[in-house]
Amino acid sequence: MSDPANAVMNFPRRDARDKLLGRTRYTIDHVRPGVLHAALLRSEVPSARILRIDTSIARKMPGVRAIATAEHAPGLHGIGIADHPLFAQDVIRYDGEPIAAVAADTLEQARAAAAAIVVELEEIPAVISMAESLAPGAPQIHPDWKKYEVLVEGAARGGNVAWEATVARGDTDAAFARPDVQIIDSTYRVGRQNHVSFEPRAVVASFEDGRYHIQTSTQVPWTVRNMTARILQVPASHVRVTVPAVGGGFGLKFDCSLEPYAAVLAQMSGRSVSLVNSRQEEMLTCLCRENAEIRIRSAVTKDGEIVGREATVLMDCGAYGGEQIFLTTMTAHTLGGNYKLGSVRLSSRAVYTNTAPNGAFRACNGVYNTFALERHTEEICAALGMDSLEFRRRNVLGDKDLGATGQVFEGNVLGPMLERMAALREKSPSRKTEAGDRLYGRATTVGTWFIFIGPSSATVNLNADGSATLVTSGVEIGSGTMMQSLPQIVANSLGLRPQDVIVKTADTDASGLDLGVGGGRTTVSIGAASSAACEEVRKKLLSVASEMLQTKPEKLVLTGGRIEIAGIKGSGTTIAKVVERAQQVMGPVSGSGAFTAPGVPSMPGCAAGHFIDAIDIPVFAVHECEVAVDPDTGHVEVLSYKVVQDVGRALNPRAVLSQIQGGVVQGMGYALHEEVSIDAHGRIEQSGFETYRLPLALDVVPVEIDLYEGAPSIGPLGTKGAGEVPILNVGAAIACAVSNATGKRVQELPLTPPRVLALLLDRNEPLDFPHISPTWHDNIIHTGIHASL
Amino acid sequence: MPITLIVNGEERATQAAPMTPLLDVLREEFFLTGAKAVCREGFCGACTVHADGIARMSCLMPVGLAQGCAITTVEAIAADGVLSPLQQALEDHDVVQCGMCFPGMVMSLTKFLEQNAHPSRDEMKTALAGNICRCTGYERIIDAVLALTNAPQAAE
Amino acid sequence: MAHADNLYIAASVADAVAVLADRAGTATPLAGATWVMRAPLRREPLAHSYVAISQIEALQRIDISEDEAVIGSCVTHARLAEALAGRGDLAALATAAAKSANPAVRQAATVGGNLCTADFAAADLVPALLCLDAAVELEGPGGLQRLPLQEFLSLRHALPVGSLLCRIVVPRSAARSAHARLPLRKAGDYPVAIASLSIEQDDKGIVTRAAVAVGSVEPVARRWPSLETALVGRPLNTAWIGVQAERLAEEFTGRDGIEAPGWYRVKVLPTLVRRAVEALSAQTA
């Protein structure tokens with residue numbers, strides 16, 4: 001094997017130049033003459049029965065080429081349960097829900113025709129909040145929930161609870177009844193976060209030779225292929241998905257969204273059809289990080305041992321289950337992570353409301369579960385009178401400790417990372433003086449996340465000019481994985497320079513199944529598949545070279561574009577020559593590789609309704625920040641920010657640092673600025689950048705970073721994904737620091753100036769959740785399908 | 001009556017309605033897709049162009065008001081395909097991620113550096129109040145530009 | 001989105017006034033266009049036609065004499081900030097022009113546009129000009145008309161057809177002025193509250209004349225007469241003024257907005273007044 005250390009370098013990304021020149025063509029830039037423009041007619045009410053849809057006037061309008069409604073796409077799709085029609089069928093379940101799609105010669109024509117479609121509605125009562133949704137006698141958003149096809153078995157469901165994942169390990173009742181414990185009970189609430197990928201969701205579809213070709217801005221070409229086929233009720237092989245440069249994803253594009261609309265219109269019109277969400281549509285129907293409501297109770301001894309923990313996490317999935325169904329799983333590994341727990345019960349529920357569906361966003365519910373867990377931890381420490389760093393040192397998960405679902409963690413990682421944070425703190429002086437007259441606070445938080453691994457495939461073709469072509473279904477969404485770590489892995493394996501590795505962008509006709517780019521999985525999963533493909537290539541090369549050089553294969557090494565006899569530089573020949581020879585004697589040199597999750601065991605019976613019972617590659621993070629809070633206006637300024645991140649091995653350290661800076665800043669947006677509010681009619685109020693405030697250059701600080709390498713990982717060359725996790729504990733760190741600065745109980749994010757001032761003035765209503773009982777058992781569906789209690 | 005404007009040194013005419021955003025004419029008629037329509041309300045800066053030497057948001061500029069204007073887009077910043085020193089610095093420091101904001105960043109910063117060749121970190125951040133980046137967290141962009149402006153006069 | 005197919009580019013004020021009168025009620029003046037171009041996002045229809053006035057040279061002039069500053073309505077924020085730099089009595093206006101929105105928008109948005117956009121509660125220039133006792137000059141079918149700014153603000157919804165805001169006249173004085181604004185981020189968004197202040201003091205430091213204007217708190221900016229009265233006849237003491245502002249702030253009814261509730265805008269007002277006073281003191285120093 002080649003030395004992993006040789007793969008480490010600050011290899012620059014090759015797509016930067018065209019991006020700087022304005023030449024890169026994203027999907028939105030592929031809307032060229034001759035391509036039809038599509039527009040969606042969206043509902044403007046949150047809940048209604050559709051009495052009549054009449055497209056006859058719209059059909060006759062100028063430029064109109066096709067109009068599609070529910071009858072053209074009858075299939076239901078979803079994750080876990082198929083509850084989601086492409087178009088509202090008989091019922092409208094959220095403001096913004098598509099009712100019809102129009103393709104016309106121009107966008108104005110398409111919009112005009114969409115507006116001319118007659119829709120007769122009868123409004124029915126809407127449930128906007130989760131409290132309303134779970135109230136006794138609440139209207140059912142999916143009265144037919146029992147009839148839906150269940151795609152993944154094993155979860156409790158019922159009424160407005162789309163999905164429930166439960167964890168039960170040990171006897172929490174006994175733990176809470178112990179005489180030597182204090183019980184700390186906390187409630188938290190967070191709003192939604194919009195990804196604001198700069199390129200909106202966008203697609204150009206065509207229908208040729210009986211197959212759909214979908215060019216789309218996505219992170220998941222295979223999901224788009226399979227979902228589109230399901231919705232259009234055609235074989236999946238009839239859909240080809242290719243992906244141009246993607247202008248940001250962050251999880252928004254981790255689901256099929258606009259593609260089937262464009263596909264059905266392309267099929268109907270026989271033309272290429274583009275569909276691009278306007279920014280307003282992106283604001284109103286973004287598959288946001290969901291709003292959530294959380295209750296955590298812990299039984300803790302005076303020495304700080306957590307003998308029991310119970311938590312209920314309500315995740316608003318909006319009108320359809322979507323990713324939230326899957327993400328209920330992650331409560332076990334985030335809110336149930338970080339600390340050693342004597343016993344634990346968790347209920348993680350996706351709750352239907354008449355609001356826009358939510359989705360996956362960088363570190364997903366880990367971000368707010370970590371906020372809740374770390375604030376709760378501070379409340380425990382305050383109750384015990386214990387230093388919170390000391391508490392964390394004693395309680396963080398270490399080697400052979402059990403996770404919530406009973407998985408056994410390998411290696412001491414969080415403990416040493418806390419020490420590294422202490423060292424980082426020593427190195428850089430406190431910024432306290434910069435707070436001036438403002439309130440100063442500091443906090444250190446820990447977080448647990450994971451690498452979402454699963455099926456990936458790769459093919460490597462070695463070319464006669466000594467270059468290699470890597471064919472995978474990966475897409476470059478901006479993080480640089482396809483431009484940096486993958487070519488570095490292949491080059492290291494084959495003794496090439498990374499610039500000689502061509503990485504083909506995703507084309508489902510050319511490459512095999514892949515779960516997509518997200519969850520920090522690309523370097524690990526596609527990287528592992530690529531490594532496996534390279535092994536086959538190596539073997540072929542060495543066998544040919546062995547003959548050419550009259551040396552046994554095991555005495556040959558691949559390095560610097562050459563195959564040398566080990567220890568004798570210049571003794572061999574170039575890889576190009578070997579490839580040329582191989583082409584004559586055995587045909588072109590290629591290899592293929594595959595990878596999937598090995599599956600770490602959990603403790604039997606501990607987890608129910610989970611998609612992942614135990615995490616294959618845990619990732620840990622320690623964050624620390626200093627803040628200044630203006631007591632007069634509630635403005636929070638982050639004075640300094642430090643990160644120690646578990647990265648396994650940083651293949652491209654500079655790129656990892658970039659991911660951390662960018663991820664932390666997105667987290668600052670979540671913690672301080674970015675607010676999504678939903679009005680009484682279920683409409684998201686922030687319709688653009690005037691009211692949805694993203695962090696600007698002046699609002700951020702350079703993040704001080706220490707990369708923690710060497711923690712166990714099954715990733716190729718010991719890697720872990722580094723791009724997703726930087727956002728994980730930002731909300732937590734800032735909230736804890738603000739709480740420390742103000743002496744107030746921070747229970748909500750984002751900490752906008754009005755919310756902080758209200759906190760300082762004790763103006764906030766107490767966070768009482770009538771719909772989350774302090775008795776944990778009341779917060780689950782009693783069907784018998786949950787973790788063994 | 002067509003509206004004529006000089007785009008990247010070349011006289012161009014458009015039949016677009018005069019209240020059409022200049023951005024849409026550049027992208028859809030002239031296929032200059034470097035400028036991006038991201039927010040369409042003057043907050044993100046991704047559509048920034050130079051109009052008669054001034055950095056402007058092309059989403060908020062009716063093409064009718066660009067009659068006779070000299071418009072420079074990001075496509076014309078690299079003379080003969082050679083990156084400008086600013087573009088080179090951004091490439092050298094490997095700060096680009098998804099890239100959607102960079103055309104606007106390049107246009108804003110190019111103009112800013114013409115007027116302030118040696119800005120402080122804070123001045124640069126203030127100048128970027130109308131350029132949003134969702135990927136990078138800004139600081140490394142600033143580092144790259146400061147490395148350029150603080151460099152001893154680079155060799156020609 | 002529908003584009004108005006009619007944009008008339010006026011060559012002179014007389015030309016603009018004539019065309020506006022001719023297209024009675026269906027044409028709207030267009031200056032920097034930064035507000036109008038966002039009409040679709042506000043779900044507002046574009047006007048039937050626009051009369052562009054931004055290329056009229058007379059409206060782009062800034063004339064500053066010892067007695068007054070006369071500002072053409074099509075002067076952009078960026079040019080205004082540059083022209084006023086270093087003039088203490090007009091510092092509130094200079095700051096307002098230099099800090100509003102973001103650099104590229106300041107290159108387009110005009111003084112006149114800022115004053116005529118009745119639905120834009122967070123306009124920076126309005127309170128700044130109010131505290132400076134500015135007047136506006138309108139041209140129209142009835143000839144030239146001069147109105148105090150406050151009066152214009154209440155009339156601007158229903159100006160006679162063909163009226164065109166041409167100039168803003170700001171009297172010069174021995175006062176010093178300051179503008180304190182509170183965006184929710186450090187910059188780049190509209191302020192949730194604004195306090196603009198113009199103060200004259202005698203040689204003992206006693207305030208002889210005070211003008212305070214408040215913007216963004218209510219739907220329309222206005223002066224704060226009770227606080228002005230309280231300030232006169234005393235030295236300029238930040239803490240004392242802050243206390244007075246806290247006492248009198250309840251005279252305002254904050255507007256609820258997506259970005260901030262009404263109570264917040266009122267609550268931070270005394271802080272902004274204090275900051276404006278501090279900015280004045282910094283000017284002296």
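Counting restarts for each chain, with residues numbered from 1 along the sequence as it is written. Chains carry letters and ligands carry numbers; both start at the beginning, A for chains and 1 for ligands, and go up in the order they are written. Local features in a predicted model are, by the rule used here, given only for residues with pLDDT of at least 70; side-chain atom pairs are given and counted only at 80 or more, and totals for whole chains, interfaces and linings are based on all residues. With hydrogens and water excluded, all non-hydrogen atoms of the structure serve as input to the side-chain values.

1. What to know about the packing of helix α2 (residues 85-92) of chain B against helix α3 (residues 102-115) of chain B
Residues and elements named next belong to chain B.
(1) Moving on: Axis separation between α2 and α3 bottoms out at 10 Å; the angle between their running directions is 130°. Overall, the two elements α2 and α3 adopt an arrangement that is oblique. For the pair α2 and α3, the crossing hand works out as right-handed. The segment α2 lies against α3, with Leu-86, Gln-87 and Leu-90 engaging Phe-102, Val-106, Leu-109, Thr-110 and Leu-113. Between N-to-C directions, angles span 0 to 180 degrees; the directions come from axes that are lines fitted to C-alpha atoms, helices contributing only their stretch in contact. Only runs of H or I of at least four residues qualify as helices and only runs of E of at least two qualify as strands under DSSP, and these elements are numbered from the N terminus. Angle categories are assigned with fixed cut-offs, so that under 35 degrees is roughly parallel, over 145 is roughly antiparallel, 65 to 115 is roughly perpendicular, and the rest are oblique. Handedness of a helix crossing follows the sense of rotation of the near helix relative to the far helix, less than a right angle counterclockwise being left-handed and clockwise being right-handed. It only takes one pair of heavy atoms within 4.5 Å for two residues to be counted as in contact.

2. Quick look at the domain arrangement of chain C
Residue and element names in this part refer to chain C.
(1) Moving on: Each domain's limits were defined by an automated method or a database of domain assignments. When its domains are assigned, chain C resolves into domain 1 (7-52), domain 2 (60-171) and domain 3 (179-284).
(2) Moving on: Each of domain 2 and domain 3 has a C-alpha centre, and the two are 20 Å apart.
(3) Moving on: Residue-level contacts link 23 residues of domain 2 with 23 residues of domain 3.
(4) Moving on: Take the accessible area each of two parts loses on contact, using a 1.4 Å probe, and add the two losses: that sum is the buried area. Surface buried jointly by domain 2 and domain 3 totals about 1,700 Å² across both partners, of which 58% is contributed by carbon and sulfur atoms.
(5) Moving on: For the domain 2 face of the interface with domain 3, the top three residues by lost area are Ala-121, Pro-127 and Cys-131, together amounting to 29%.

3. Thoughts on the pairing of strand β3 (residues 64-68) of chain A
Residues and elements named next belong to chain A.
(1) Moving on: For the exposure calls, accessible area comes from a 1.4 Å probe over protein chains only, and a residue counts as buried if that area is under 20% of its type's maximum, exposed if over 50%, partly exposed in between. Summarising burial for β3: four of the five residues are buried, a large majority.
(2) Moving on: Two strands qualify as a pair provided that DSSP identifies no fewer than 2 bridges between them. Where β3 meets strand β8 (residues 98-104), four bridges bridge the pair, whose relative direction is antiparallel. Bridging from a neighbouring strand, Ala-66 pairs with Ala-103 of β8.

4. As for the interface of chain A and chain B
(1) Moving on: Listed by partner, the interface residues are 51 residues for chain A and 46 residues for chain B.
(2) Moving on: In total, chain A and chain B occlude about 4,000 Å² of area from one another, counting both sides; carbon and sulfur atoms represent 59% of this.
(3) Moving on: Whenever a carboxyl oxygen of Asp or Glu lies within 4 Å of a side-chain nitrogen of Lys or Arg, that contact is scored as a salt bridge. There are four salt bridges connecting chain A and chain B.
(4) Moving on: Arg17(A) serves as the salt-bridge partner of Glu91(B), at 2.8 Å between the closest nitrogen and oxygen.
(5) Moving on: What qualifies as a polar contact is a pair of N or O atoms within 3.5 Å, subject to a donor-acceptor requirement within protein and to the restriction that residues adjacent in sequence count only when both atoms come from side chains. One can count 28 residue pairs in polar contact (both at pLDDT 80 or more) joining chain A with chain B.
(6) Moving on: Contributing elements (two or more residues each) for the side of chain A that touches chain B: α1 (16-21) and α17 (653-673) of chain A.
(7) Moving on: The element best represented in the side of chain A that touches chain B is α17(A), accounting for seven residues.

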